[in-house]
Amino acid sequence: MKKEIKDFIDKNMGKGLIQMVISKSRIKDGPSKVKIRPILLKDKFIYQATETVGPKVLHTNYERQELIEYIGELMEERFMQLQWEGQYEDGLVLVSKKGHLTTKVKRHACKKEQAALEHNRRKKYLLAEGTAVPFLVDLGVMTPQGKIVSTKYDKFRQINRFLEFIEDILPRLDRGRELTILDFGCGKSYLTFAMYYYLRQLRHFDVRIIGLDLKEDVIQHCNELAQSYGYEKLKFYTGDIASYEGVRQVDMVVTLHACDTATDYALAKAVYWGAKVILSVPCCQHELNGQIRNEMLSPVLSYGILKERMAALITDGLRAQLLEGVGYETQILEFVDMEHTPKNLLIRGVYTGKKKNLEKTRRCIEKLHLNPTLARLLEEQEVDDQ
């Protein structure tokens, strides 16, 4: 049986493999499940096996033939099921209690159709496949030859989707001078590097990008990467946007996953700086969840999870409205995220100077017994300006 399994895996595993899952252990001790995926390590494709042993997760890397031998032993001695997902086909291996082997393969679209789909998909991307981008190679999204790693297409699509939000507002940015962009909560800065590369090297905007984060080790690493790529106008600093005083004017403010009211401080600071564009993906909207009260909605708000979700949506809706009250044209868009929840909302604001009457918004706030931080911060700014 082991040879039959190894021959079957050897024949099929190279066809655009995304991942394998080996499960249904026949033995109590040892791993209960094994996941296998191809990864790029030091410019070489290998296979990483992740064994789940009780509360522990163990990682081991294998060459192709080593992996085939490893899978053969697992299926012969321990497990009853192997499933794999591929770009072109999915597969299933079942081993009965009596050792009987069943194999199935379900093919996707034929290779010609798949190639056409890949061609059409590539045409839409702002960072095109085929041209190696240094930070994407270091991320493991691209090979040094510019090919997208099959298991990283989601991340590749997410980066491009973010750049599409920027592409839409390029006509609002001034090409005649240096533009300053501030990215608060930049973290590992995947999207910060993408912004710099796209705006400066592909669209030839004179941009200076500043990344802010509270983690000193992350900031140090990002500065080292920027220097190694020759990105002279991309700098990272340790700090909080609410207290940052390194600039007097900012053309674009980006804030991704600033937790709870940190988003409000970032939005208020963007307004204070006169930012032409705001891109914000809020996170952990807790503030209004503790405030919201309404007699008519009380039956629904009695369910904690519904109250939490409603409060989060109301939080972002009010943020967008409050920005419109100070002269921004706002949209709330769906943003596919690679690190947190599968889908997030992005608030995009473009300054027009046309201030919206917020009477209905204020009534909404009053009826729900809310006191949003952003409303207070913007009111304080207005008082200071008078």
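Remember, predicted model here, so these are calculated numbers, not experimental data.

Student: So what's going on with the packing of aromatic side chains? Which residues, and what values?
Tutor: In the structure shown here, the tally under the stated rule is ten aromatic pairs. Aromatic side chains Phe 135 and Phe 193 sit 6.3 Å apart centroid to centroid with 25° between the ring planes, which places their arrangement in the stacked category. Here Phe 135 is found in helix 4 (residues 134-139), whereas its partner Phe 193 is found in helix 6 (residues 190-202), with 58 residues between them in sequence. Both residues of the pair, Phe 135 and Phe 193, count as buried. A ring pair is formed by Phe 193 and Phe 236, whose centres lie 5.6 Å apart and whose planes are at 40°; its orientation type is tilted. On the criterion of sequence distance, the pair formed by Phe 193 in helix 6 and Phe 236 in strand 10 (residues 234-238) is long-range, its members being 43 residues apart. Overall, the relative accessible area of 3% leaves Phe 193 in the buried class. Each residue in the set Phe 135, Phe 193, Tyr 196, Tyr 197, Tyr 229, Tyr 231 and Phe 236 is aromatic and connected to the rest through ring pairs, giving one cluster. One residue, Lys 155, lies across the ring of Tyr 190, its end atom 4.9 Å from the ring centre.

Student: How would you sum up the side chain of Arg 78? Please name residues and give values.
Tutor: By the element assignment, Arg 78 lies in the loop between helix 2 (64-77) and strand 5 (79-86). Notably, Arg 78 is buried but unbridged: the nearest opposite-charge side chain belongs to Glu 77, and the N-O separation is 6.6 Å. From its side chain, Arg 78 meets the backbone oxygen of Asp 29 in a polar contact 2.4 Å long.

Reading the values: the criteria
Residues numbered from 1 in each chain as written. Predicted model: local features only at pLDDT ≥ 70, side-chain atom pairs only at ≥ 80, totals over all residues. Heavy atoms only, no water. Phe/Tyr/Trp six-rings, centres within 6.5 Å; stacked < 30°, edge-to-face > 60°. Helix = DSSP H or I, 4+ residues; strand = E, 2+ residues; numbered from the N terminus. Buried < 20%, exposed > 50% of the residue type's maximum accessible area, 1.4 Å probe, protein only. Lys NZ or Arg CZ within 6 Å of the ring centre and 35° of its normal. Lys, Arg positive; Asp, Glu negative; His and termini not counted. Salt bridge = Lys/Arg side-chain N within 4 Å of Asp/Glu carboxyl O. Polar contact = N/O pair within 3.5 Å; in protein donor to acceptor, adjacent residues only side chain to side chain.

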